[in-house]
Amino acid sequence: MADTNLFLFPVWHKADEALWKKALSVLVSRNVISATGEGAEEGEVWFSSGKRSGWVTKTEQEPAFEDCRAHMGNAYFIPDGDTSEYGGQCPACGAALEDVLVVEAIVDFNESDDEDDRQKCPKCKAVVDVSKLKCRIETALAPAFVCFVGVKGGAPNPELLKALEEATGGAWKWLTEKVEL
C-alpha cells in the first residue's frame, strides 16, 4: 500500500527565519495545523492536523493528513529518502545508481552530521554530490519545507500557495512522494 506525502517549499536561496515564521503562521492561523511541541531540538517541528486541515488540498475529508513536519535551516533534499525508485544518475559520469545508494547519500546529506560517510559511484568512484544528483522523479533542494504526511488528495489548494506567497513575498513550489508502507 502506498501513502502520499505533500511537500511545499519556498523558492529561497537561503533560510530566512522571519519569512518562515510568516509561512507557518498562515497554516496555524487558518487552523490547518496545530503545534505539538515535538522535534524543535532536532531542527524539524511536528504539527498535527488542525480543524480545517482539508484546506491543504481542498478536500472534504477531515483530517486531510496524518501529521505535518516543518524544516528550516540547512539545505535539504526532498523527497528525503523514504521514497524508492528515484532513478538516480551519478552527477559525475551519468551512470545509473541503485536506489539504496541514492537513499543513503540523501539521508547522510540531510542529517548533516560530523561524519563523512558519503557514498561513491560504483562506476567512476566519485563521491555522489547530492546537490547535483539527477533523478527520474521530481526532486528539490530547499532550505525550508512543510511536509504533510499521509495527505488525502493530490495537488495543494491554489489558495494555500497564494496565501503563502503573499505572506512571504516569494514563490512556492510543491511535489509529492509515494511511500510504500
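Look a little higher up for the structure.
Quantities reported herein were computed from a predicted structural model and do not represent experimental measurements.

> So what's going on with helix H1 (residues 17-29)? Residues and values would help.
Its 13 residues give H1 an end-to-end C-alpha distance of 18 Å, which sits within 8% of 18 Å, the value for a rise of 1.5 Å per residue. Where H1 is concerned, the buried positions are Leu19, Trp20, Ala23, Leu24, Val26 and Leu27. The buried residues of H1 occupy an angular sector of 145 degrees when projected down its axis, which confines them to one face. In H1, the exposed residues that point more than 90 degrees away from the buried face are Lys21 and Ser29. Against the buried residues of H1 lie strand S2 (33-35), strand S3 (44-49), strand S4 (67-78), strand S5 (140-149), helix H3 (158-168) and strand S6 (172-180). One or two residues past the end of H1 sits asparagine 31, with phi positive at roughly 60 degrees.

> So what's going on with unusual backbone geometry? Residues and values would help.
Between isoleucine 78 and proline 79 the backbone carries a cis peptide bond, its omega angle lying at -10 degrees. Inspection of the secondary structure assignment puts proline 79 in the loop between S4 and helix H2 (99-111). At lysine 58, a position not held by glycine, the phi torsion is positive, near 60 degrees. Looking at where lysine 58 falls in the secondary structure, it is placed in the loop between S3 and S4.

Reading the values: the criteria
- Within every chain, residues take consecutive numbers counted from 1 along the sequence as written.
- Only residues with pLDDT of at least 70 get local features here, since the model is predicted, and only at 80 or more are side-chain atom pairs given and counted; chain-wide, interface and lining totals rely on the full set of residues.
- In computing side-chain values, all of the structure's heavy atoms are included and hydrogens and water are not.
- Numbering of helices and strands runs from the N terminus, with a helix taken as a DSSP run of H or I at least four residues long and a strand as a DSSP run of E at least two residues long.
- Helix span, expected: 1.5 Å multiplied by one less than the number of residues in the helix.
- For every residue, the accessible area obtained with a 1.4 Å probe (protein chains only) is divided by the maximum for its type, and the residue is called buried under 20%, exposed over 50%, and partly exposed between those limits.
- Arc definition: it is the arc formed by the directions from the helix axis to the C-beta atoms.
- Contacts between residues were defined by any pair of non-hydrogen atoms, one from each residue, lying within 4.5 Å.

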